[in-house]
Amino acid sequence: MHDCCGTYGGTYFVDISNVFPNFDADENDPKNYDFKLSDYYIEKIKECGTDIIYRLGSSMEQGDFRFYNEPPKDFAKWARICEHIIRHYNEGWADGFHYGIVYWEIWNEPDSNHTGFGNGCWNGTSQQFFELYRVASKHLRSCFGNTIKIGGYGHCGFYAITDDKLTGAIAMGTDHALDKWEVRKIGFIEFFEQFVDMVIAEDLPFDFFSHHSYASVEQTLIMHRYAADYLAKKGLSHVEIHLNEWNTNARVAERGRSIASANTTAMMCAMQNEKMDMMCYYDARLGVSYYAGLFNPMTFQPTCVFYAMKAFGKLYALGNQVALTGAEDKLYAVAAKGENGRGVLIANIGADTQVETDLPGNMTAYLVDENNSLAQIALDPKSFLLKENQVVYLEETV
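Computed from a predicted model, the values in this text were never measured in an experiment. (Residues numbered from 1 in each chain as written. Predicted model: local features only at pLDDT ≥ 70, side-chain atom pairs only at ≥ 80, totals over all residues. Heavy atoms only, no water.)

Peer 1: I keep staring at the environment of Phe20 and nothing clicks. Help me out?
Peer 2: Residue placement: Phe20 occurs in the loop between α1 (16-19) and α2 (36-47). Overall, the relative accessible area of 2% leaves Phe20 in the buried class. In this structure the C-alpha to C-alpha distance between Phe20 and Pro30, which are ten residues apart in sequence, comes to 9.7 Å. With near-sequence residues (within four places) excluded, Phe20 lies in contact with Ala25, Asp26, Glu27, Asn32, Tyr33, Lys77 and Ile81. (Helix = DSSP H or I, 4+ residues; strand = E, 2+ residues; numbered from the N terminus. Buried < 20%, exposed > 50% of the residue type's maximum accessible area, 1.4 Å probe, protein only. Contact = heavy atoms within 4.5 Å.)

As structure tokens, then:
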């Protein structure tokens, strides 16, 4: 849960500054916490059967004003506030709950300010964030042991890895001027490496690493593999990796269109075959934003991206991935089987393609694009034309 209910966390939701509004108050007194709207918000999420990653920190402050993304005045006290929030939702403290929320992420995109060009997520230095993570992670582990998973930090993105000019600059330096965004991209890599070095050197709790991408499927694969390989090289292959902000088509002209549903499906299919423990699409709000790709805010109706995810959900429900070969460039596919049948999901993000398979002819086909909402269609599973930016789900039920 991050950027909940509007700018600045909607004033009342989830953020530490909203739940514990007076930092100078006694953190051990339940009266100093305002859980009311966060409780309601989380209750509705749980009623949907959805698990939660709770981001401990603040929402992005994108306007001209900064209120809550300065480093906390007292890191140890901030950690104790986080402790009480966890106790409220997992141990019933302060008329709370026993939700058993596992994942607790420390902050979001603190690397945004590594080079001094912040995006409103963290207004302190890198070293200040490292100290915050050091203090908070150790305190929370001492309180809860392995009943929770502690991690972070919502890395801004490994965009420099896909830029040949910048990979050369990282390795050998550069004699040309870099613009602000190029400097920031290199800074994201530096921050990541320094953070990992600290975690290893001090043996800090680090159950999962989270990163973000708003790049293409192909670029995100390159960036994700870099992160996974780097962690493995450092002896951290056991650490979970989460892509907990991603959206391939966060642009006004592509929001809710066929290009978005096809690329969203392609991303999920591609990451199914990587070291990927969790993915969180950004985002599912019912609101006016080019990031909000699942629903039309004027009609409240789901977009084709929603139905692409629904198709992947049908595949996921079968339970067991099975081998699949022959998917070509721009054609992404995953297959699964279970007690209730078999399924194949195929996304085409390239030109119209004639697809040839060895699938049985009795499979039922469902099409997803901006004109078809997982609509059943007549199709020969053995040979069919899949047009550009179309998704097809084929299933055989028993």
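Peer 1: I'm lost on the layout of surface pockets in this one. Help?
Peer 2: Unfilled space is identified by rolling a water-sized probe across the atoms. Roughly 540 Å³ of internal volume is contained in the second largest pocket. Around the second largest pocket sit 25 residues that line it, and Leu324, Thr325, Thr357, Asp358 and Leu359 are the ones nearest its centre. Every element with two or more residues in the lining of the second largest pocket is listed here: β8 (331-338), β9 (341-348) and β10 (353-356). The leading source of residues in the lining of the second largest pocket is β8, at five residues. (1 Å grid on protein atoms, 1.4 Å probe; cavity = no way out; pocket = protein on both sides within 12 Å on 5 of 7 lines; lining within 4 Å. Points joined across faces, edges and corners; volume = space filled by probe spheres on them.)

Peer 1: It is not clear to me how the packing of aromatic side chains should be interpreted in this structure. Could you clarify?
Peer 2: What describes a pair of aromatic rings is the distance from one ring centre to the other and the angle between the planes of the rings. Following the criterion strictly, the structure yields 43 aromatic pairs and no others. Ring geometry for Phe129 against Phe191: centres 6.0 Å apart, planes inclined by 35°, an arrangement best described as tilted. Taken together, the positions of Phe129 in helix α4 (residues 126-144) and Phe191 in helix α6 (residues 180-202) put the pair 62 residues apart, joining distant regions of the chain. Judged by its relative accessible area of 0%, Phe129 is buried. (Phe/Tyr/Trp six-rings, centres within 6.5 Å; stacked < 30°, edge-to-face > 60°.)

Peer 1: How should I be thinking about the pairing of strand β3 (residues 149-155) in this particular structure?
Peer 2: Remark: a regular strand shows side chains that alternate across the two faces of the sheet. Within β3, six of the seven residues are buried, leaving the element largely enclosed by the surrounding structure. Relative to β3, strand β2 (residues 103-106) runs parallel, the two sharing three bridges. Note on β3: the bridge partner recorded for Tyr103 is Lys149. Here three bridges tie β3 to strand β4 (residues 208-213), and the two strands are oriented parallel to one another. Directly across from His155, in β4, lies its bridge partner His211. (Pairing = 2+ DSSP bridges.)

Peer 1: Teacher, can you tell me more about empty space enclosed by the protein here?
Peer 2: As enumerated under the stated definition, the model contains one cavity of 30 Å³ or more in all. Space inside the largest cavity adds up to approximately 40 Å³. In terms of residue class, the lining of the largest cavity is made up of four nonpolar, five polar and one charged. (Nonpolar A, V, L, I, M, F, W, Y, C, P; charged D, E, K, R; others polar.)

Peer 1: What's the story with the pattern of salt bridges in this structure? I'm lost.
Peer 2: Pairs can form between side chains of opposite charge once their charged atoms are near each other. Within the structure shown, the criterion is met by 23 salt bridges. One salt bridge in this structure joins Lys44 and Glu47, with 3.6 Å as the shortest N-O distance. One end of the pair, Lys44, and the other, Glu47, are both in helix α2, three residues apart, so they sit about a helical turn from each other. Residue Lys44 is classed as partly exposed on the basis of its relative accessible area, which comes to 35%. Ionic pairing is found between Glu91 and Arg87, a salt bridge with its closest N-O pair at 2.7 Å. Given the relative accessible area of 40%, Glu91 is considered partly exposed. Through salt bridges with shared partners, a single network forms among Glu27, Lys77 and Arg80. (Salt bridge = Lys/Arg side-chain N within 4 Å of Asp/Glu carboxyl O.)

Peer 1: Mind showing me how you'd approach the side chain of Thr264 here?
Peer 2: Within the fold, Thr264 resides in helix α8 (residues 258-272). Once residues lying within four places of it in the same chain are set aside, the contact partners of Thr264 are Trp246, Thr248, Tyr281, Val305 and Met309.

Peer 1: What is the right way to look at the packing of helix α3 (residues 75-90) against α4 in this model?
Peer 2: The contact between α3 and α4 brings their axes to 9 Å, and the two run at 40°. With respect to each other, α3 and α4 are oriented oblique. Of the two possible hands of crossing, α3 and α4 adopt the one that is right-handed. Side by side, α3 and α4 meet where Phe75, Ala76, Trp78, Ala79, Arg80, Cys82, Glu83, Ile86 and Arg87 of the first sit next to Gln128, Glu131, Leu132, Val135, Ala136, His139, Leu140, Cys143 and Phe144 of the second. Residues that form the contact of α3 with α4 fall into these classes: twelve nonpolar, two polar and four charged. (Axes fitted to C-alpha atoms, helices over the stretch in contact; angles between N-to-C directions. Parallel < 35°, antiparallel > 145°, perpendicular 65-115°, else oblique. Left-handed = near helix turned anticlockwise from the far one by under 90°.)

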